[in-house]
Amino acid sequence: MGKKKKRPVEKVFCYYCDREFDDEKILLQHQKAKHFKCHVCNKKLSTASGMVIHVLQVHKENVTKVPNAKPEREATDIDIYGMQGIPPDVLAAHYGEQEEDTPSKSAKVDVPGTNIVGGMMPGGFAPPGTYGVMQRPMYNPAVPGPHGWQVPRPPAWYPPPPGMSMPPAVSAPQAASVPPQQPLFPVQSIAPPLSSAVAPVSQPPYPPGVHSSPAPIPVSQPLFPVGAAATMANQIMPAGILPDMKASAAAYSSVHPNMVNSYHLPNGPGAANNSHSYASGPNTGGPSIGPPPVIANKAPVNQPAGNEVYLVWEDEAMSMEERRASLPKHQVHDETSQMNSIDAAIDRRISESRLAGRMAF
Amino acid sequence: MSNFTSLTNLGQNTNPNKSYEVPQPPTDSVSSLHFSPKANHLIATSWDNQVRCWEIMQSGTNIHSAPKAAISHDQPVLCSAWKDDGTTVFSGGCDKQVKMWPLLSGGQPVTVAMHDAPIKDMAWIPEMNVLVTGSWDKTLRYWDLRQQNPVHTQQLPERCFSLTVRHPLMVVGTADRNIVVFNLQNPQAEFKRIMSPLKYQTRCLAAFPDKQGFLIGSIEGRVGVHHLDDAQQTKNFTFKCHRDNNDIYSVNSLNFHPAHGTFATAGSDGAFNFWDKDSKQRLKAMSRCNQPISCSAFNNDGSIFAYSSCYDWSKGAENHNPATAKSYIFLHLPQEAEVKGKPRVGNTNRR
């Protein structure tokens, strides 16, 4: 059996974009596909100068830059073939960086960093040991939960954060056959906040939105353990418990008097800008490597069309559905017309002889 | 072995993959597709204000479907969900209402939930016996069906674009690229809020079957594979898809295969592909339809993949001709090789 070839310690890399490869064959394929390809007919050439000559002779166009190359390495006059022709200073700089443990760009996939904005919120998870079989959550503080499962509650002196508005639960009458169920999201009676003068010194003030809660799970433990979820018996709801459409709509219109007019599609002058920024910075998942692709809707005059990419849906402010829903035919203009349309729908269904659930279409 | 960045072949006809065509499709674009968790009943919601149901009969490689029933909303319907027992369908949309339709019993639909703006996505959470709805009014609302008011209203940072639930994990994607993660054992508090790992508008989400993270798709033809655990951040990556040379199309749908843990993406380019996130491979690239694929779904055992080919508004109103536009719902029977992940041999990442 032959001796295994030792792989060179220094991997080969592409002069134009600094990407690393396991061997020179793959590097050459990469250069042909990414840097030496004719933007007009997609023919793959062997060198940058070969590509320039091809484009000039066949398509009568001038190419001044190597496509997909870093800005300082776009020159077409340097003859690069694989690792051949790379200036010594570039070689030294590249392998010098490698020794300093600079992560090389992955050839297949992007591996972005995570940008956590809010971090872990309080009371995120039950303490270790309470997982295993997933039990139905109990949110009523009056009912003791399973051992070790504390329901996080804000201190009595701290009001709930603004993101937790809870309307009072209106219980529907329950049938005798169904055992009374604890509400999932009980409204906790919280005393008004104490003034700073009265607040006891021993209690540290909590920052807004932070409640006392069990310590979060250590990182080594899976965040969402896979347990055999205890499937709950579906509770049978007797007929007549659910409010009919008309009553429900009336109830909602009384609770939300300006329900219909409260939502505005963001397509006016105040809508967010369409920023197509690839630059590194906040929220972009780490530093960008190499030049960003050009995202445009029109090919810039000074650049060959082969390098650009076009977002088909490029409205960052609105989703496709929002744009479509903003058409006049989908607009409900005022509350009265919406209530009328609901009434009309009810009347229409009453007058129909066949069941809505069995309609042919 | 295909890699994550390669493109699909361009298919110019309506049904290049020779999928089974569902009869009597909606008369306008399809906004959501969902199979019953208990049987091969397929629900489609549409911009023609209808919710339709078909019964799919499958014997081996033969497949047949028949229209079963339909109900109407007053405005376009954007989303739907099945109850876990397969008896009931929920649907919501531009009329700002959720209708509960006891489909199997043939009952009348009733309004069980309302928002102050169109309802964009919803999910039934069997472990809690509640329906969760996400709206452009910047709220999530939890509904106990026996009560008229929501049992909890959760403020979101922006308009809800997508949500995905695998109890106890819920992930909500909103406008401005916000991602809000909830642990449903404590649903009144955000577990974590992050900016999307993708640089463009969030389009769709899918929680991992093992609940350790989620997939996210954007309008920039890219999917992010994101883990929640800080110790697993090195496993995060993104890949490009649904691109045709210089045209970048939106990723409209993400669906995990119920058995194999692989997933499907569907996009505005008219293609759908099957992927394995663990080996970072594309398992199968299907031929492109001549219209966008607006939504898709696996049935409960993963033997049928339903997808809708119709105009998704990705090129605006100017590219929509109601007179000639036609919507299709197709059923594809995936081969095992298309959806079964390959064991990962060593490190597939080239450096």
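Residues numbered from 1 in each chain as written. Chains lettered and ligands numbered in written order. Predicted model: local features only at pLDDT ≥ 70, side-chain atom pairs only at ≥ 80, totals over all residues. Heavy atoms only, no water.

Going by an unreviewed UniProt entry, chain B carries the name Protein RAE1 and comes from Spinacia oleracea.

As recorded in an unreviewed UniProt entry, chain A goes by Protein SUPPRESSOR OF FRI 4 isoform X2 and comes from Spinacia oleracea.

1. A word on the overall build of chain A
In plain terms, the rule: Secondary structure elements follow DSSP: runs of H or I of four or more residues count as helices, runs of E of two or more count as strands, with numbering from the N terminus. Only heavy atoms matter for contacts: two residues are in contact if any of them lie within 4.5 Å across the pair. Calculation of accessible area relied on Shrake-Rupley with a 1.4 Å probe; when residues are assessed, cover is drawn exclusively from the protein chains displayed.
Counting secondary structure elements, chain A contains six helices and five strands. For chain A, the succession of helices and strands along the chain, N to C, is β-β-α-α-α-β-α-β-β-α-α. Excluding contacts between residues fewer than 6 apart, the proportion of contacts in chain A whose partners are at least 24 apart in sequence is 59%. Split by element, the accessible area of chain A, about 21300 Å² in all, is 58% carbon and sulfur.

2. Details of the overall build of chain B
The following threshold applies: Burial classes: relative accessible area under 20% of the type maximum marks a residue as buried, over 50% as exposed, and values in between as partly exposed (1.4 Å probe, protein chains only).
Counting its secondary structure elements, chain B contains one helix and 30 strands. Every one of the 351 residues in chain B was classed for burial, and the buried ones make up 73%. In chain B, once contacts between residues fewer than 6 apart in sequence are set aside, the share between residues at least 24 apart is 48%. Surface accessibility of chain B: about 9900 Å² in total, with carbon and sulfur atoms responsible for 44%.

3. Topic: the UniProt feature "repeat: WD" (unreviewed entry) in chain B
All names here are of chain B. Heads up, the condition is: UniProt positions are given in the numbering used here, feature names are shortened, and annotations may be inferred rather than shown by experiment.
Mapped onto this numbering, the UniProt entry annotates "repeat: WD" (unreviewed entry) at residues 23–56, 70–111, 112–153 and 251–285. Helix makes up 0% of residues 23–56 and strand 56%, whereas the separation of the span's terminal C-alpha atoms amounts to 11 Å. Annotation note: span residues 251–285, helix share 0%, strand share 60%, distance between end C-alpha atoms 14 Å.

4. Section: the confidence of the model for chain A
Convention followed: Summary of the metric used: pLDDT quantifies the predictor's per-residue confidence within the range 0 to 100.
Residues at a pLDDT of 70 or more form 30% of chain A, whose mean pLDDT is 56. Throughout residues 98–108 of chain A the model reports pLDDT below 50, and contacts reaching past four residues in sequence, or to other chains, amount to 17 contacts.

5. Overview of the sheet that holds strand β20 (residues 222–227) of chain B
All names here are of chain B. Quick reminder of the rule: One bridge is not enough; two strands pair if DSSP finds at least two bridges between them. Comment: axis = line fitted to C-alpha atoms, over the contacting stretch for helices; angle = value between 0 and 180 degrees taken between N-to-C directions.
On the basis of which strands lie adjacent, the open sheet formed by four strands has the order β18-β19-β20-β21 and antiparallel pairing. Strand pairing shows two members of the sheet lacking a second neighbour, β18 (202–207) and β21 (237–240), which therefore form its edges. Within this sheet the neighbouring strands show an average axis-to-axis angle of 20°, counted without direction. Looking at chain direction, β20 and β21 are connected through four bridges and run antiparallel. The residue bridging Val-223 from the neighbouring strand is Phe-239, located in β21.

6. Remarks on unusual backbone geometry
Only a minority of non-glycine residues have a phi that is not negative, and only a minority of peptide bonds are not trans. Residues and elements named next belong to chain B. A cis amide bond links His-167 to the next residue, Pro-168, at an omega of 5°. Of note, the phi angle at Asn-129 is positive, near 60°, even though the residue is not glycine. Positionally, Asn-129 belongs in the loop between β10 (119–125) and β11 (130–135).

7. Comments concerning helix α1 (residues 24–34) of chain A
All names here are of chain A. Put simply, the test is: What the arc measures is the spread of directions leading from the helix axis to the C-beta atoms.
Among all positions in α1, only Leu-27, Leu-28, His-30 and Gln-31 are buried. What you see down the axis of α1 is that its buried residues fit within an arc of 160°, all on one side. Turned more than 90 degrees away from the buried face of α1 sit Lys-25 and Gln-29, all of them exposed. In this structure, the buried residues of α1 make contact with β1 (12–13) and β2 (20–21).

8. A short note on the pattern of salt bridges
Any two side chains of opposite charge can pair, so long as their charged atoms come close to each other. Convention followed: Counted as salt bridges are all cases of a side-chain nitrogen of Lys or Arg within 4 Å of a carboxyl oxygen of Asp or Glu.
Inspection of every chain in the model, using the stated rule, returns 19 salt bridges over all chains. Between B:Arg141 and B:Asp137 there is a salt bridge whose closest N-O contact spans 3.7 Å. Each member of the pair, B:Arg141 as well as B:Asp137, is classed as buried. What you see here is one network of salt bridges that share partners, running through A:Glu322, B:Lys138, B:Glu158 and B:Arg159.

9. A short note on the packing of aromatic side chains
Where we set the bar: We call Phe, Tyr and Trp rings a pair once their centres come within 6.5 Å, taking the six-membered ring for Trp, and we label the pair stacked below 30 degrees between planes, edge-to-face above 60, and tilted otherwise. When the NZ atom of lysine or the CZ atom of arginine is within 6 Å of a ring's centre and also within 35 degrees of its normal, the charge is said to sit over that ring.
Taken as a whole and assessed by the stated rule, the structure comprises 18 aromatic pairs over all chains. Their ring planes at 90° and their centres at 5.6 Å tell us that A:Tyr16 and A:Phe36 sit as a pair that is edge-to-face. With a gap of 20 residues between them, A:Tyr16 in the loop between β1 and β2 and A:Phe36 in the loop between α1 and α2 (48–59) connect regions that are remote in the sequence. You can call A:Tyr16 buried: its relative accessible area is 0%. By relative accessible area, which is 0% here, A:Phe36 ends up buried. Between B:Phe298 and B:Phe305, the ring centres sit 4.9 Å apart and the planes meet at 55°, which makes this aromatic pair tilted. The exposure class assigned to B:Phe298 is buried, which follows from its relative accessible area of 9%. Grouped by ring-pair contacts, the aromatic residues B:Phe272, B:Phe274, B:Phe298, B:Phe305, B:Tyr307, B:Tyr328 and B:Phe330 constitute a single cluster. The lysine or arginine in question, A:Arg324, covers the ring of B:Trp47, its NZ or CZ lying 4.6 Å from the ring centre.

10. Examining the UniProt feature "domain: C2H2-type" (unreviewed entry) in chain A
The UniProt record marks residues 36–64 of chain A with the feature "domain: C2H2-type" (unreviewed entry), using the residue numbering of this structure. Secondary structure within residues 36–64 of chain A divides into 41% helix and 0% strand; the distance between the first and last C-alpha atoms comes to 12 Å.

11. Side note on the pairing of β20(B)
Residues and elements named next belong to chain B. In terms of residue burial, β20 counts as a mostly covered element, since six of its six residues are buried. Covered by surrounding structure in β20 are Arg-222, Gly-224 and His-226 together with Val-223, Val-225 and His-227, the residues of both alternating faces. Across five bridges, the pairing between strand β19 (residues 213–218) and β20 is antiparallel. By the bridge assignment, Ile-216 is partnered in β20 with Gly-224. The hairpin formed by β19 and β20 contains three residues between the paired strands, and Gly-221 there has a positive phi angle of roughly 50°.

12. Things to note about the environment of B:Tyr328
All names here are of chain B. Positionally, Tyr-328 belongs in strand β30 (residues 328–332). For Tyr-328, a relative accessible area of 13% puts it in the buried group. Along the backbone, Tyr-328 and Tyr-311 are 17 residues apart, and their C-alpha atoms lie at a distance of 10.0 Å. Residue contacts for Tyr-328: discarding those within four places in its chain leaves Thr-14, Glu-21, Pro-25, Gln-291, Tyr-307, Ser-308 and Ser-309.

13. Description of the sheet that holds strand β3 (residues 41–46) of chain B
Residue and element names in this part refer to chain B. If you walk across this open sheet you meet the four strands as β2-β3-β4-β5, and the pairing is antiparallel. Edge positions in the sheet fall to β2 (30–35) and β5 (62–72), since each has one partner strand and no second. When strand polarity is set aside, the average angle formed by the axes of neighbouring strands in this sheet is 20°. Taken together, the five bridges between β3 and strand β4 (residues 50–59) define a ladder with antiparallel strand orientation.

14. Considering the nonpolar core
All names here are of chain A. Threshold: Here, the term nonpolar core denotes a set of buried Ala, Val, Leu, Ile, Met, Phe, Trp, Tyr and Cys residues that are joined through side-chain atoms within 4.5 Å.
Phe-13, Cys-14, Tyr-15, Tyr-16, Leu-27, Met-83 and Ile-86 are the most contacted members of the largest nonpolar core, which totals 23 residues. Looking at this core, the elements that each hand over two or more residues are β1, α2 and α3 (88–99). Apart from the residues within four sequence positions on either side, Met-83 is in contact with Val-12, Phe-13, Glu-24, Leu-27, Leu-91 and Tyr-95.

15. Topic: the side chain of B:Ser309
Here B:Ser309 shows up in strand β29 (residues 305–309). Leaving out residues up to four positions away in the same chain, B:Ser309 has contacts with B:Cys289, B:Gln291, B:Pro292, B:Lys326, B:Ser327, B:Tyr328 and B:Phe330.

16. Remarks on the pairing of β18(B)
Residues and elements named next belong to chain B. For β18, the buried fraction is high: six of the six residues fall into the buried class. The pairing of β18 with β19 spans five bridges and is antiparallel. Each residue of the ladder has a partner; that of Leu-205, found in β19, is Ile-216. Here β18 folds back onto β19 in antiparallel fashion, the turn holding five residues, of which Lys-211 has a positive phi close to 65°.

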